[in-house]
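Residue-level listing of the chains:
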Amino acid sequence: MSDVATTIAHNATAGKASPAEARRANETRARAKGYAAPSLAAILDLAPNDDQMAKIVTSFGIEAGDADELTGLGSTMIRDQYAALEPILVTMYRGEPNYQGLKIHLDRVVDGVVRSAYGAAEFYEKRRQIARDAVNAFTNEHRDEDRMGIDGGANRVDDLREIAAQHAGKSYALACIAAGACAAYEELMGQAWQPYVASNARSVSEQAAALRNDALGF
């Protein structure tokens, strides 16, 4: 957790933080856990869906790209690499093709795409929450923030809404690409892509081997 999130969490515990700060601290902790192994489901949970993005585009004039084209871009990325690398990374083992090398590579490619989309979705959600809190009279520390700016321009709440909307478009586009990549991976490899989760647990055989090594002094 960042120093800022740690401070907010500490203040929340001590009763010094606002309800909005306390909620954001809890959400930050939850997202930090998810970031270790982000999934497509986590992205779709944070990024705007099709209906919401359509409303944002209409209300803010944000460029989000064509969903079908973006999804196709993610799909093509995986399919092109599969076609180009299959003759190189697939080896023959006991007369059967072994796709493990190609699978590992595509696992990593999809992982990179998913992590990029998750980062964008997480940042959008933070901006959205900040804008929402500024609008909410119960969490807004400046009661006049919805008034017109002194120069006749947009006020602070309008600025926060605009920032959130801009990041909504970025998040939506990258989520579409990630969805296309995951769909292509599943079709080509015959199984859904899963985020890699490192495990420090040792199998029973490994534990037994360790005990025997220790008994023999090595």
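Nothing here was measured: the structure is a model prediction, and the numbers come from that model. (Residues numbered from 1 in each chain as written. Predicted model: local features only at pLDDT ≥ 70, side-chain atom pairs only at ≥ 80, totals over all residues. Heavy atoms only, no water.)

A. Representation of a negative patch on the surface within the structure. Side chains of Asp 50, Asp 51, Asp 66, Asp 68 and Glu 69 sit close together on the surface and give a patch of like negative charge. Sorting the residues of the negative patch by element identifies α4 (50-60) and α5 (67-89) as the ones contributing at least two each. With respect to the helices, strands and loops of the structure, Asp 50 is situated in helix α4. (Patch = residues over 30% accessible without salt bridge, like charges linked within 9 Å, V, L, I, M, F, W, Y side chains within 5 Å. Areas by Shrake-Rupley, 256 points an atom, 1.4 Å probe, with all protein chains shown as cover. Salt bridge = Lys/Arg side-chain N within 4 Å of Asp/Glu carboxyl O. Lys, Arg positive; Asp, Glu negative; His and termini not counted. Charge placed at Lys NZ, Arg CZ, Asp CG, Glu CD. Helix = DSSP H or I, 4+ residues; strand = E, 2+ residues; numbered from the N terminus.)

B. Looking closely at the environment of Ala 120. Within the secondary structure, Ala 120 sits in helix α6 (residues 100-135). Since its relative accessible area comes to 17%, Ala 120 is described here as buried. For the pair Ala 120 and Ala 173, spaced 53 residues apart in sequence, the C-alpha separation works out to 9.5 Å. Setting aside residues up to four positions removed in sequence, Ala 120 forms contacts with Ser 171 and Leu 174. (Buried < 20%, exposed > 50% of the residue type's maximum accessible area, 1.4 Å probe, protein only. Contact = heavy atoms within 4.5 Å.)

C. Structural detail: the nonpolar core. Grouped together as the largest cluster of nonpolar side chains are 35 residues, with contacts concentrated most on Ile 43, Met 53, Ile 56, Ile 78, Leu 106, Val 110 and Val 114. When residues of this core are traced back to their parent elements, those giving at least two are α3 (40-46), α4, α5, α6 and α7 (156-189). For this core, the leading source of residues is α7, giving 13 residues. When residues no more than four places from it in sequence are discounted, the contact partners of Ile 78 are Leu 106, Val 109, Val 110, Ala 181, Ala 184, Tyr 185 and Leu 188. Residues Ala 131, Ala 134, Leu 160 and Ala 164 belong to the second largest nonpolar core, which totals five residues. (Core = buried A, V, L, I, M, F, W, Y, C linked by side-chain atoms within 4.5 Å.)

D. Up close: the side chain of Ser 75. Here Ser 75 shows up in helix α5. When neighbours within four sequence positions are excluded, Ser 75 is seen to be in contact with Gly 180, Ala 181 and Ala 184.

E. View of α5. The end-to-end C-alpha distance of α5, which contains 23 residues, comes to 32 Å, matching closely the 33 Å that a straight helix rising 1.5 Å per residue would cover. Ala 83 marks where α5 bends most, by close to 35°; the proline Pro 87 follows one to four residues later. Those residues of α5 that fall on the buried side of the exposure criterion are Leu 70, Gly 74, Ser 75, Ile 78 and Tyr 82. Looking at the buried positions of α5, the neighbouring elements they touch are α6 and α7. A side-chain oxygen of the first residue of α5 lies 3.1 Å from the backbone nitrogen of Asp 68; this N-cap is Asp 66. (Expected span 1.5 Å × (residues − 1). Bend = angle between axes of the 7 residues up to and from the residue. Polar contact = N/O pair within 3.5 Å; in protein donor to acceptor, adjacent residues only side chain to side chain.)

F. Local environment of the side chain of His 167. Inspection of the secondary structure assignment puts His 167 in helix α7. By relative accessible area, His 167 is classed as buried at 17%. Excluding residues that lie within four positions of it along the chain, His 167 makes contacts with Phe 123, Tyr 124 and Arg 127.

G. Seen up close, the pattern of salt bridges. Taken as a whole and judged by the stated rule, the model has five salt bridges. The partner of Arg 79 in a salt bridge is Glu 187, with the nearest N and O atoms 2.8 Å apart. Highlighted residues: Arg 79 in helix α5 and Glu 187 in helix α7, separated in sequence by 108 residues. Overall, the relative accessible area of 31% leaves Arg 79 in the partly exposed class. Judged by relative accessible area, Glu 187 falls into the exposed class, the value being 57%.

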